[in-house]
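Below, each chain spelled out in residue letters.
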Amino acid sequence: MLHRFANPTRFLRLANAVLPWATGLTILLIGAGLYFAFGASPADYQQGETVRIMYIHVPSAWMAMFAYAFIAVASAVGLIWKHPVAHVCALAAAPIGACFTLICLTTGSLWGKPMWGTWWVWDARLTSVLVLFFLYLGFIALANAFDDAARGEKASAILALIGAVNLPIIKFSVDWWNTLHQPASISRIDMPAVHTSMLIPLLLMAVGFTMLFTVLVIIRARAELADRRINALRSARIHAETAHSGA
Amino acid sequence: MGGHGGFIWSSWGIALVVLTVLVVTSIKSMRARERELARMEAEAPRRRRRRDTQADTATASEKATPAEGNQ
């Protein structure tokens, strides 16, 4: 199954078929999420209206981690099976993950000030998410740091795999250390500690963001594949002209 | 918004701006590269045709030269 989509043409055929559906679902789910977030969910009994920041902060945090896990898996596939499309998908996902991490950090800060009385603390959760943001930037910088794209791919893929150790640290930081950040409220063994009226917009936004991520990975992967084809054609042209002038 | 409107709207505003910039730049980049690729691929067969035509002309003139020499 995985090997079938190592072929860029086959991958593009599937991606182009998925794109309109994913775009429609993105608009629908985020639209419904916004309606429930602002119109059909109550204020929190303790946090008041600031709870509405949760509907953007928490899905962004989930996406920040999901995008990095996606990059790590794609990088592993690219390194082990030499799938060119896997590296392309990892490169396409990196700026998207970085943007979600940036949103998570800024909205968290904006939520922290009225609720905790501070914009930032160097606790384990906040610091590990900041490290995740720098890992994204490092991945993007390393992938573009080499003239030979294949070397950049390999180096950035290794960084992505090493950096993946940060994901469980982020997830369990609130359990392993004393943090100002609260522990998990949704992904618990027992029932989520969030009321259904707040869980609905949260999940709608989360699934909507996952669809947006899919759309953006497809768009950016198409751009990357086109770029590679352009470079290949340019190289072929230069090669042909050199051979012609040599003859 | 219970006196916290500034924090709430800033959060949503930042998210909107970041995601809009990401979506717009991604679409623009894809369109620019796919246009460039389409242009290069459209040129490539023309060059091939021109090369073929040049090759045909050369072959024809090579064939013509001995014939002229025989006259």
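Structural notes, computed from the coordinates. The residue numbers shown here count from 1 along each chain, following its written sequence. By the order in which they are written, chains take letters starting at A while ligands take numbers starting at 1. Note on the predicted model: pLDDT of at least 70 is required for a residue's local features to be given, and 80 or more for side-chain atom pairs to be given and counted; whole-chain, interface and lining totals, by contrast, use all residues. Water and hydrogen atoms play no part in the side-chain values, which are based on all heavy atoms of the structure.

**Notes on the overall build of chain A**
Here is the rule: Only runs of H or I of at least four residues qualify as helices and only runs of E of at least two qualify as strands under DSSP, and these elements are numbered from the N terminus. Only protein chains enter the accessibility calculation, which uses a 1.4 Å probe. A residue is then buried if its area is under 20% of the maximum for its type, exposed if over 50%, and partly exposed in between. Working rule for contacts: check all heavy atoms of both residues, and any pair within 4.5 Å makes them a contact. Here the accessible surface of atoms and residues is derived via Shrake-Rupley with a 1.4 Å probe, and residues count as covered only by protein chains that are part of the display.
Counting its secondary structure elements, chain A contains seven helices and zero strands. In sequence order, the secondary structure elements of chain A are arranged as α-α-α-α-α-α-α. Here chain A holds 247 residues, and the buried ones make up 47% of them. Across chain A, every contact between residues at least 6 apart in sequence was considered, and the portion connecting residues at least 24 apart equals 75%. Surface summary for chain A: the accessible area is close to 12,400 Å², and the carbon and sulfur share equals 68%.

**What about the nonpolar core?**
Test applied: Definition of nonpolar core: a set of buried residues of the types Ala, Val, Leu, Ile, Met, Phe, Trp, Tyr and Cys, connected through side-chain atoms within 4.5 Å.
Judged by nonpolar contacts, the single largest core of 72 residues is most densely connected at Met54, Tyr55, Ile71 and Phe209 of chain A. Among the elements of the structure, helix 1 (8-38), helix 2 (54-81), helix 3 (84-116), helix 4 (124-143), helix 6 (166-176) and helix 7 (196-246) of chain A together with helix 1 (5-70) of chain B are those that each provide at least two residues to this core. Broken down by element, the residue count for this core peaks at 17 residues, all from helix 7 of chain A. When neighbours within four sequence positions are excluded, Tyr55 of chain A is seen to be in contact with Ala37, Ser41, Met198, Pro201, Leu202 and Met205 of chain A together with Trp12 of chain B. The next biggest cluster of nonpolar side chains, apart from the first, holds five residues, and it includes Ile230 and Leu233 of chain A together with Leu37 and Met40 of chain B.

**Focus: the interface of chain A and chain B**
Definition in use: Buried area is calculated as the accessible area (1.4 Å probe) missing from two parts once they are joined, with the contributions of both summed. In the sections that follow, a salt bridge refers to a side-chain nitrogen of Lys or Arg positioned within 4 Å of a carboxyl oxygen of Asp or Glu. Residue type decides the class: Asp, Glu, Lys and Arg count as charged, Ala, Val, Leu, Ile, Met, Phe, Trp, Tyr, Cys and Pro as nonpolar, and the leftover types, Gly among them, as polar.
Contacts between chain A and chain B engage 38 residues on the former and 27 residues on the latter. In total, chain A and chain B occlude about 3,000 Å² of area from one another, counting both sides; carbon and sulfur atoms represent 78% of this. The three residues of chain A that bury the most area against chain B are Phe38, Leu110 and Arg237 of chain A, which together make up 17% of that side's buried surface. The partner of Arg234 of chain A in a salt bridge is Glu36 of chain B, and the shortest N-O contact between them spans 3.0 Å. When contributions to the side of chain A that touches chain B are tallied by element, the ones reaching two or more residues are helix 1, helix 2, helix 3 and helix 7 of chain A. Counting residues per element, the side of chain A that touches chain B draws most heavily on helix 7 of chain A, which supplies 16 residues. Each residue belonging to the side of chain A that touches chain B can be placed in one class, and the counts come to 25 nonpolar, three polar and 10 charged.

**Comments concerning the packing of helix 2 of chain A against helix 6 of chain A**
Residues and elements named next belong to chain A. For the record, the criterion: Under this scheme, a helix contributes an axis fitted over its contacting stretch, all axes are lines through C-alpha atoms, and angles between N-to-C directions fall in the 0 to 180 degree range. Oblique is the label for any angle not covered by the other classes, which are roughly parallel (under 35 degrees), roughly antiparallel (over 145) and roughly perpendicular (65 to 115). For any helix crossing, the convention is left-handed if the near helix is rotated counterclockwise from the far helix by under a right angle, and right-handed if that rotation is clockwise.
At a minimum axis distance of 10 Å, the contact between helix 2 and helix 6 shows a crossing angle of 155°. For the element pair helix 2 / helix 6, the angle class is roughly antiparallel. As for the relative orientation of helix 2 and helix 6, their crossing is left-handed in sense. Here helix 2 contributes Met65, Tyr68 and Ala69 to the contact with helix 6, which in turn contributes Leu167, Ile170 and Lys171. Grouping the constituent residues of the contact of helix 2 with helix 6 by class yields five nonpolar, no polar and one charged.

**What to know about the packing of aromatic side chains**
Threshold: Ring pairs are drawn from Phe, Tyr and Trp, using the six-membered ring of Trp, whenever the two centres fall within 6.5 Å, and their geometry is named by plane angle: stacked under 30 degrees, edge-to-face over 60, tilted for the rest.
Taken as a whole, this structure holds 11 aromatic pairs over all chains when the rule is applied. Judged by centre distance (5.1 Å) and plane angle (10°), the rings of Phe38 of chain A and Trp9 of chain B are stacked. Separated into two different chains, Phe38 of chain A in helix 1 and Trp9 of chain B in helix 1 make up a pair that spans both. By relative accessible area, Trp9 of chain B is classed as partly exposed at 48%. Aromatic rings pair up to connect Phe38 of chain A together with Trp9 and Trp12 of chain B into one cluster.

**A few points about helix 5 (residues 149-163) of chain A**
All names here are of chain A. The test is simple: Expected span of a helix: the number of residues minus one, times 1.5 Å. Working note: the arc is built from the helix axis to C-beta atom directions.
A rise of 1.5 Å per residue sets the reference length of helix 5, with its 15 residues, at 21 Å; its end C-alpha atoms lie 21 Å apart and thus fit the reference within 8%. If you check which residues of helix 5 are buried, you get Gly152, Glu153, Ser156, Ala157, Ala160 and Gly163. Buried residues along helix 5 cover an arc of 130° about the axis, so they all sit on one side. The exposed residues of helix 5 that point more than 90 degrees off its buried face are Arg151 and Ile162.

**A closer look at the side chain of Arg52 of chain A**
The line we're drawing: We define a polar contact as two N or O atoms separated by no more than 3.5 Å, with the added condition that, inside protein, one atom must be a possible hydrogen donor and the other a possible acceptor, whereas residues neighbouring each other in sequence contribute only through side-chain atom pairs.
As for its position among the elements, Arg52 of chain A is in the loop between helix 1 and helix 2. In terms of polar contacts, Arg52 of chain A uses its side chain to reach the side chain of Glu49 of chain A, at 2.7 Å. What Arg52 of chain A contacts, discounting residues up to four positions off in sequence, is Ala37, Phe38, Ser41, Pro42 and Ala43 of chain A together with Met1, Ile8 and Trp12 of chain B.

**Details of the environment of Glu224 of chain A**
Among the secondary structure elements, Glu224 of chain A is positioned in helix 7. Residues Glu224 of chain A and Ala92 of chain A, spaced 132 residues apart in sequence, show a C-alpha to C-alpha distance of 7.4 Å. Beyond its immediate stretch of four places on either side in the chain, Glu224 of chain A contacts Val88 and Leu91 of chain A together with Arg33 of chain B.

Keep in mind that these numbers describe shape and distance, not what the molecule does.
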